[in-house]
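# Residue-level structural notes
Spelled out, the chains give:
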Amino acid sequence: MLQDKRIVVGICGGIAAYKSADLVSRLRKKGAQVRVIMTANAQEFITPLTLRSISGYKVATDMFSCPQEWEIQHISLAQWAEYMVIAPATANFIGKVASGIADDLLTTTVMATKSTVVIVPAMNTNMYNNPIVQRNIQSLARDGYLFFGPASGSLACGDEGAGRMEEPSAIVEYMESLAAGKKDFENRTVLVTAGPTREALDPVRFLTNASSGKMGYSIAGAAAKRGARVILVSGPTNIEPPPSVELVPVVTAREMYEKVMHYFPNCDVVIKTAAVSDYRPAVYSGEKIKKTEGRFTIEMVRNPDILAELGGKKKGQVLVGFAAESTNVIDYARDKLRKKNLDLIVANDITREGAGFAGDTNQGYLLDAKGGIQQLPAMTKARMADIILDRVALLLGKDS
Ligand code: CTP
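For the structure given in this document, a descriptive report is provided here.

Reading guide: rules and limits
- Residues numbered from 1 in each chain as written.
- Predicted model: local features only at pLDDT ≥ 70, side-chain atom pairs only at ≥ 80, totals over all residues.
- Heavy atoms only, no water.
- Near = heavy atom within 4 Å.
- Polar contact = N/O pair within 3.5 Å; in protein donor to acceptor, adjacent residues only side chain to side chain.
- Areas by Shrake-Rupley, 256 points an atom, 1.4 Å probe, with all protein chains shown as cover.
- Helix = DSSP H or I, 4+ residues; strand = E, 2+ residues; numbered from the N terminus.
- Pairing = 2+ DSSP bridges.
- Contact = heavy atoms within 4.5 Å.
- Axes fitted to C-alpha atoms, helices over the stretch in contact; angles between N-to-C directions.
- Buried < 20%, exposed > 50% of the residue type's maximum accessible area, 1.4 Å probe, protein only.
- Parallel < 35°, antiparallel > 145°, perpendicular 65-115°, else oblique.
- Left-handed = near helix turned anticlockwise from the far one by under 90°.
- Nonpolar A, V, L, I, M, F, W, Y, C, P; charged D, E, K, R; others polar.
- Salt bridge = Lys/Arg side-chain N within 4 Å of Asp/Glu carboxyl O.
- Core = buried A, V, L, I, M, F, W, Y, C linked by side-chain atoms within 4.5 Å.

### Brief notes about the site of the ligand
By nearness alone, 13 residues border the ligand, and Lys272, Ala274, Phe322, Lys336 and Lys340 come closest of all. Backbone polar atom of leucine 307 to an oxygen atom of the ligand: 2.9 Å apart, as the coordinates give it. Here the ligand, which alone exposes 560 Å², has 76% of that area covered by the protein. Those elements that provide at least two residues to the shell around the ligand are helix H12 (306–313) and strand E16 (318–325). By residue number, the principal contributor to the shell around the ligand is E16, which donates three residues.

Here you go:
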């Protein structure tokens with residue numbers, strides 16, 4: 001997949017910089033052409049000579065050194081690259097790019113390129129969790145920069161937590177999947193539910209949940225791109241359905257229930273992003289309800305829990321739920337995963353900036369039935385869709 005791909009590897013100054021030599025070596029073994037840019041601080045950790053030997057090409061380090069070639073370096077590398085991968089990417093690098101600062105060869109090249117840029121963060125866990133860093137990551141993710149990692153574990157500084165640079169082998173795999181435009185859902189049917197449901201009180205009033213539908217539409221679009229037949233059962237939204245999906249519009253939870261049950265037996269995967277109304281008004285008034293003095297009480301009755309019912313019925317299908325929580329996010333999500341007999345659940349803390357309904361980014365945790373938990377740092381909903389589908393593909397088995 002990476003044969004002859006033109007990849008610029010950017011290296012920032014962090015202890016993980018030593019792993020970048022392995023990354024460059026692995027990319028070259030896959031047949032990629034690699035050029036390396038190192039920041040001044042990166043050269044404190046690993047020498048340009050090492051990277052030059054491994055990449056087989058002069059390492060670019062300085063904006064102002066006498067040009068070896070006639071092109072202006074940051075422009076020529078920016079144009080040459082099909083992919084840029086910045087590994088390790090420090091908090092400083094992320095902050096500079098997020099703020100539009102281009103004060104060295106690496107940041108200038110990133111700013112000038114139209115290629116796909118993959119940022120692989122590596123830093124102390126407190127730095128990574130710092131709200132400024134998180135805000136910068138969110139803002140870059142919104143602008144289309146891809147983030148890979150960080151992994152969790154013990155860090156060079158002695159701390160435990162998120163901040164480790166992803167292993168070079170994993171970065172190469174990720175780059176391969178980007179380059180391949182994977183078709184790992186061919187011959188699979190994926191049912192996605194999205195958006196809110198609406199429960200009418202009278203001809204002009206209804207109760208609903210906050211949901212833009214963006215997460216579900218992103219998943220539907222990503223699954224279709226990866227070769228799946230996609231059925232998108234959607235409540236009312238204001239967004240365009242992605243190409244090549246079969247849109248099944250619904251309004252109420254009961255309509256959603258009927259459509260989902262109809263398609264379920266022939267599905268391989270169900271991903272329920274929909275914000276389903278748990279209740280509906282007990283009585284629907286055919287006439288508009290007129291106001292009167294004093295309080296007005298609406299009696300509500302339960303709607304079916306669609307996902308829980310699928311959990312009871314499933315025969316080999318992979319079931320993925322979403323849990324929008326404001327407290328005890330992981331515990332509540334784990335509880336839902338177990339009670340509804342799910343394979344995976346995505347837990348979103350709706351109180352956090354960059355997670356939730358209307359935006360283009362999301363963050364949270366991906367929990368599996370074996371007790372595994374993967375942090376999903378702030379990223380575009382499109383990227384999150386692919387991460388969820390990667391996990392689903394693993395569950396579907398090797399032939400997926
Ligand atoms: N869900 C569903 N049918 C419902 C309610 C929820 O299929 N009637 C699905 C959602 O699509 C989501 C998951 O269940 O994938 C979790 O939804 P959520 O509303 O967070 O959970 P509830 O089980 O309704 O729990 P609670 O409202 O107590 O948080």
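### Brief notes about the sheet that holds strand E5 (residues 146–147)
Spatially, five strands are ordered E2-E1-E3-E4-E5 in an open sheet, and the strand pairing comes out parallel. Whereas interior strands pair on both sides, the edge strands pair on one side only; in this sheet they are strand E2 (33–38) and E5. Bridge analysis of strand E3 (residues 83–89) against strand E4 (residues 116–121) gives five bridges, and the strand direction is parallel. In the sheet register, tyrosine 83 faces E4, and the bridge partner there is threonine 116. Sitting on the sheet, helix H1 (residues 17–29) is in contact with strand E1 (6–11), E2 and E3, with an inclination near 175 degrees to E1.

### Here we look at the pairing of E4
The element E4 is extensively covered by neighbouring structure, given that five of its six residues are classed as buried. When E4 meets E5, the two strands line up parallel, connected through two bridges. Bridge pairing in E5 places valine 118 opposite leucine 146.

### Regarding the pairing of strand E10 (residues 205–208)
Pairing of strand E9 (residues 198–202) with E10 involves four bridges; the strand directions are antiparallel. Directly across from glutamate 199, in E10, lies its bridge partner leucine 207. Linkage of E9 to E10, two consecutive antiparallel strands, is achieved through a turn of two residues.

### Let's talk about the packing of helix H5 (residues 91–98) against helix H6 (residues 105–112)
Interaxial distance between H5 and H6 falls to 10 Å at its minimum, and their mutual angle equals 45 degrees. Classified by the interaxial angle, the pair formed by H5 and H6 is oblique. In this structure, H5 crosses over H6, and the sense of that crossing is right-handed. The segment H5 lies against H6, with Phe93, Lys96 and Val97 engaging Leu106, Thr107, Val110 and Met111. By residue class, the composition of the contact of H5 with H6 is five nonpolar, one polar and one charged.

### Regarding unusual backbone geometry
The step from alanine 87 to proline 88 runs through a cis peptide bond, and the omega angle for that step is 0 degrees. Here the bond from glycine 149 into proline 150 is cis, since omega is 10 degrees, no more than 30 degrees from zero. The residue proline 150 is located in the loop between E5 and strand E6 (151–154) in this model. With a phi angle near 65 degrees, asparagine 187 is a residue other than glycine that sits in the positive phi range.

### A word on the pattern of salt bridges
Counting across every chain of the model gives 20 salt bridges. Notably, a salt bridge pairs glutamate 246 with arginine 229, separated by 2.8 Å at the nearest N-O pair. A residue pair is termed long-range when its members are at least 10 positions apart, and glutamate 246 in strand E12 (residues 246–249) and arginine 229 in strand E11 (residues 229–234) qualify at 17 residues. Across the salt bridge formed by glutamate 309 and lysine 313, the nearest N and O atoms sit 3.1 Å from each other. Separated by four residues within a single helix, glutamate 309 and lysine 313 lie in helix H12, roughly one turn from each other. Note on glutamate 309: relative accessible area 27%, which makes it partly exposed. Its relative accessible area of 40% is what places lysine 313 among the partly exposed residues.

### Points about the nonpolar core
Of all hydrophobic cores here, the largest spans 33 residues; its most connected members are Phe185, Ile219, Ile388 and Val392. Where this core is concerned, the elements lending two or more residues are strand E8 (189–194), helix H10 (214–225), E11, strand E13 (269–272), E16, strand E17 (344–349), strand E19 (373–380) and helix H14 (381–396). Here the element with the most residues in this core is H14; it accounts for eight residues. In this structure, isoleucine 219 is in contact with Val192, Ile271, Thr273, Phe322, Ala385, Ile388 and Leu389, ignoring residues within four places of it in sequence. Membership of the second largest hydrophobic core comes to 31 residues, among which are Val9, Tyr83, Ile171 and Val172.

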